[in-house]
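Structure at a glance
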Amino acid sequence: MDEDPGAGRSQAARWFSSDIAGAEGPWGWRLDVVTLLAVIGESSVAEHAQTITASIFCLFPRIIPAPQAFLKPSRPLRLPETTAKMTGVYSGVVLDTVGFFANIIHPLDEMQPFAFRVLEITHTDRNNAGGVEVPQSPVNKSNILSQIRSNGKTLVNSPHAPSAQLYRPPSDSPDQTTTDTSAKTSGFNSNGDVEAGPIQGVTRRATVREKMQDFVAYPTLVNTSGRPAIPATLYSPVHILSVFSVILTGAIIGLAAHYQDGTAIVSVSLVSLASSVVGWASWWKPILMNRSHTNKVPAGDVVIRTREGAFLLIKCTEEVARELYSGTEECEYHVSGRAYRVLMGLGTCLLMVSVILLGNCKWYPQIFIGVSYITLNGLYWAMGLLPKKLFWDLGRYSINDITPKIAKGADQVTSPDPREGVKSFTRTLWYTIRETKRTAWVNRSGAAPDTPQWRMWLAEAEEAAKSGNAGWGAVARKDEIMKMSDSEVNKITSDEERARDAAEQAAPAIEVQSHNRHQGEYSGTL
């Protein structure tokens, strides 16, 4: 019988020995490949890298498949965007991308070619709309608990709460004087402009779930008036998986202690500590752009055109448009750039040491570690199949589909008419013009060719939309105009003066377009 190699070693030394009896599997088998399992699955983890680090759960020590997915030389400053032509109907803004959170509310890749939808997006709580600080009723702030409870939201169903309807730009009317008077009474003077910010409403206490969710996103009890942020939802799949990973890590350490495997305990502890270090370095929160002044502004309605010819009309206020569409969605980190590089270096060292130790664990801890990494890899892959709206709390906005019945089914055959009943780009464009009652945004966004024929068609389409002629034959009229020569069109339109577009002086003539961040610095994060 072979002598046990660890017979003369101390009890402490046997905890870190992998050549003693019981350390190897049957017939001398070992699972040194467990070190490879620890770093496989980088693409699945990278897809959720920013989502994982968007809450305090990223600080939990736990094992994560492919932790090297977090070891990046730099951090993203902006959230990934989706390529589409976005145009402000009244603001004049023209951009080539749609923001990350806007694409979660209405996924553009789910829209069929030549489809058409109209959505109304408003703030659920007008007290927190647009980052404008609204005066609140005095409350007792003698302790921290009262400060937390004072962070309430509007009771929409209350008779004293402001209406949740979409506010449009005010018109010059005698009622404006009354509005100014009421504003002075409430302590908030908007100069008669409802776009300047919300009026004070009756507030309610935040629920326990809301308090916990706010603490997870930003663990501070200070109520600041900074730019609004969208937190990760409390029951996000990422949070659930993080808690499961913590429990699994504790089970691995407990099993390693049962088999007296000190190498497994140290290796799992180091890789868990590395995940906390890199999580701290990448810990961030999303911040949205809002209005810094209370001057009068046009409505924030925007039209989004996809490459497949689908149109999406968003009816919203300027506050919503700044937050979701025309503004920038940035990342605010909890540590500085220099501290980030230091923590990345520390995390890299911890990861390298832990990978070396994982290959020297005993047989049964190696089996448990390998099965754990395989399970986590499968769960992270499955999490990529879930809709992104499950990961973020978008309860800040109220979304209603108000697509007119006459405009539904734009991506389908609606009648036997070979022109007006068949789906086409022209028909969908007419549907959008009929709802906006404007065509200037078409010219600014390049949705139609800039030729005399198309300019004539757009002029007639705008006239039909303003006159309420919903049954105007857009496709048939377009075919007729396209048969006309430039000279014939010029004879008809030469005496017509081009209507002035008020949006021309509301935005720069040429916008600074952002690069395509659909893949992002994390290779398709979020």
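Starting from 1, residues in each chain are numbered consecutively following that chain's sequence as written. Whole-chain, interface and lining totals are the exception, using all residues; otherwise, since this is a predicted model, local features are given only for residues with pLDDT of at least 70 and side-chain atom pairs are given and counted only at 80 or more. By convention in this description, side-chain values take in all heavy atoms of the structure and omit both hydrogens and water.

1. Some points on the overall build of the protein
Condition: Helix numbers and strand numbers start at the N terminus; a helix is a DSSP run of H or I with at least 4 residues, a strand a run of E with at least 2. Whether two residues are in contact is decided by their heavy atoms, any of which lying within 4.5 Å being enough. We get accessible surface area from the Shrake-Rupley algorithm with a probe of 1.4 Å; when it comes to residues, only the shown protein chains can shield them.
Each helix and strand in the protein was counted, giving 18 helices and 10 strands. Once local pairs closer than 6 in sequence are excluded, the contacts in the protein between residues at least 24 apart make up 79%. Here the protein displays about 25,800 Å² of accessible surface, and carbon together with sulfur accounts for 57% of that area.

2. Details of helix 17 (residues 474-482)
The following threshold applies: Relative accessible area decides the class of each residue, using a 1.4 Å probe on protein chains only: under 20% of the type maximum gives buried, over 50% gives exposed, and in between gives partly exposed.
When helix 17 is considered as a whole, its buried residues turn out to be Ala-474, Val-475, Ala-476, Lys-478 and Ile-481. Of the surrounding elements, those touching the buried residues of helix 17 are helix 14 (425-436) and helix 16 (452-466).

3. Points about unusual backbone geometry
Note on backbone geometry: most residues besides glycine have negative phi, and most peptide bonds are trans. Even without being a glycine, Phe-114 presents a positive backbone phi close to 65°. Overall, Phe-114 belongs to the partly exposed group, its relative accessible area being 24%. Positive phi, normally seen in glycine, also occurs at Gln-260, with a value near 50°. Inspection of the secondary structure puts Gln-260 in the loop between helix 9 (237-258) and helix 10 (262-282).

4. Some words on the nonpolar core
As a reminder of what qualifies: For the purposes of this section, nonpolar cores are sets of buried Ala, Val, Leu, Ile, Met, Phe, Trp, Tyr and Cys residues that join through side-chain atoms within 4.5 Å.
Formed by 72 residues in total, the largest nonpolar core has its most connected members in Phe-101, Leu-324, Tyr-325 and Trp-392. Considering each element in turn, this core owes the most residues, nine residues, to helix 10. If we skip the residues at most four places from it in the chain, Tyr-325 touches Met-86, Leu-95, Ala-102, His-106, Ile-121, Val-302, Ile-304, Ile-314 and Val-320. Grouped together as the second largest cluster of nonpolar side chains are 28 residues, Phe-116, Val-118, Ala-407 and Met-484 included.

5. Section: the sheet that holds strand 2 (residues 94-98)
What counts is decided by this rule: Note on pairing: DSSP must find at least two bridges between two strands before they are called paired. Every angle, taken between N-to-C directions, lies between 0 and 180 degrees, and every axis is a line fitted to C-alpha atoms, over only the stretch in contact when it is a helix.
An order of 2-1-7-8-3-10 is seen for the six strands of this open sheet, with the pairing classed as mixed. The strands lining the two open edges of the sheet, one partner per strand, are strand 2 and strand 10 (397-401). Put simply, the sheet's adjacent strands are angled 30° from each other on average, direction ignored. When strand 7 (residues 302-305) meets strand 8 (residues 311-315), the two strands line up antiparallel, connected through four bridges. For Val-303, the partnering residue across the bridge sits in strand 8 and is Leu-313. Packing of helix 11 (residues 318-326) onto the sheet brings it into contact with strand 1 (82-88), strand 2, strand 3 (116-123), strand 7, strand 8 and strand 10, and relative to strand 3 it is tilted by some 120°. Relative to strand 8, helix 14 is tilted by about 10°, and along the sheet it contacts strand 3, strand 7 and strand 8.

6. Examining the side chain of Arg-434
Where we set the bar: Charged-residue counts in this description rest on Lys and Arg as positive and Asp and Glu as negative, His and the chain ends being excluded. We define a salt bridge as a contact between a side-chain nitrogen of Lys or Arg and a carboxyl oxygen of Asp or Glu at a distance within 4 Å.
Among the structural elements, Arg-434 can be located in helix 14. Buried within the structure, Arg-434 lacks any salt-bridge partner; its nearest side chain of opposite charge belongs to Glu-435, at an N-O separation of 4.5 Å. With sequence-adjacent residues up to four places away left out, Arg-434 is seen in contact with Ile-406, Ala-407, Ala-465 and Ala-470.

7. With respect to the pairing of strand 3
Burial within strand 3 is extensive, with seven of its eight residues counted as buried. Here strand 3 pairs with strand 8 via five bridges, running parallel. Looking at strand 8, one finds that Arg-117 is bridged to Leu-312. Sheet analysis places strand 3 next to strand 10, joined by five bridges and oriented antiparallel. Bridge pairing in strand 10 places Leu-119 opposite Asp-401.

8. Comments concerning the packing of helix 16 against helix 17
What describes two packed helices is the angle between their axes and the distance between those same axes. Which entries qualify depends on this criterion: Handedness of a helix crossing follows the sense of rotation of the near helix relative to the far helix, less than a right angle counterclockwise being left-handed and clockwise being right-handed.
Look at helix 16 against helix 17: their axes get within 9 Å of each other, and the N-to-C directions meet at 150°. Here helix 16 runs over helix 17; the crossing is right-handed. Between helix 16, through Gln-453, Trp-454, Met-456, Trp-457 and Glu-460, and helix 17, the contact on the second element is made entirely by Ala-474, Arg-477, Lys-478, Ile-481 and Met-482.

9. A word on the confidence of the model for the protein
Note the following rule: Each residue gets a pLDDT score, which is the predictor's confidence in that residue and runs from 0 to 100.
Across the protein, the average pLDDT comes to 77, with 68% of residues at or above 70. Here residues 221-227 scores under 50 on pLDDT; set against residues more than four positions off or in separate chains, the count is nine contacts. Note that residues 516-526 has pLDDT below 50 and, in this model, 35 contacts with residues that lie over four places away or in other chains.

10. Observations regarding helix 16
Going by this rule: Helices are assigned an expected span. That span is 1.5 Å times one less than the residue count.
For helix 16, spanning 15 residues, the distance from its first C-alpha to its last is 21 Å, which sits close to the expected 21 Å at 1.5 Å a residue. Counting buried residues along helix 16, 11 of its 15 residues qualify, which places the element largely inside the surrounding structure. Listing the buried residues of helix 16 in full gives Pro-452, Gln-453, Trp-454, Met-456, Trp-457, Leu-458, Glu-460, Ala-461, Glu-462, Ala-464 and Ala-465. Just downstream of helix 16, Gly-468 is the residue with a positive phi angle, here 80°.

11. Here we look at the pattern of salt bridges
In the structure shown here, the tally under the stated rule is 11 salt bridges. When the shortest N-O distance is used, the salt bridge between Lys-85 and Asp-96 registers 2.5 Å. Of the two residues, Lys-85 is situated in strand 1 and Asp-96 in strand 2; the sequence distance between them amounts to 11 residues. The exposure class assigned to Lys-85 is partly exposed, which follows from its relative accessible area of 22%. A salt bridge links Glu-318 to Arg-322; the shortest N-O distance between them is 2.6 Å. Here the residue Glu-318 and the residue Arg-322 both occupy positions in helix 11, the gap between them amounting to four residues, near one helical turn. Put simply, Arg-419, Lys-478 and Asp-479 are held in one network by salt bridges that share partners.

12. Quick word on a nonpolar patch on the surface
Put simply, the rule reads: Residues qualify for a patch when their relative accessible area is over 30% and they have no salt bridge, like charges being joined within 9 Å and the nonpolar side chains of Val, Leu, Ile, Met, Phe, Trp and Tyr within 5 Å.
Taken together, the side chains of Phe-60, Val-243, Val-246 and Ile-247 present a nonpolar region at the surface, about 300 Å² in accessible area. Position of Phe-60 among the secondary structure elements: in the loop between helix 4 (49-52) and strand 1. Look at Phe-60 and you get partly exposed, because its relative accessible area is 31%.

13. What to know about the environment of Leu-119
In this structure, Leu-119 sits in strand 3. When the C-alpha positions of Leu-119 and Asp-401 are compared, they lie 4.6 Å apart, and in sequence the two are 282 residues distant. In this structure, Leu-119 is in contact with His-106, Leu-312, Leu-313, Ile-314, Lys-315, Ile-399, Asn-400, Asp-401 and Ile-402, ignoring residues within four places of it in sequence.

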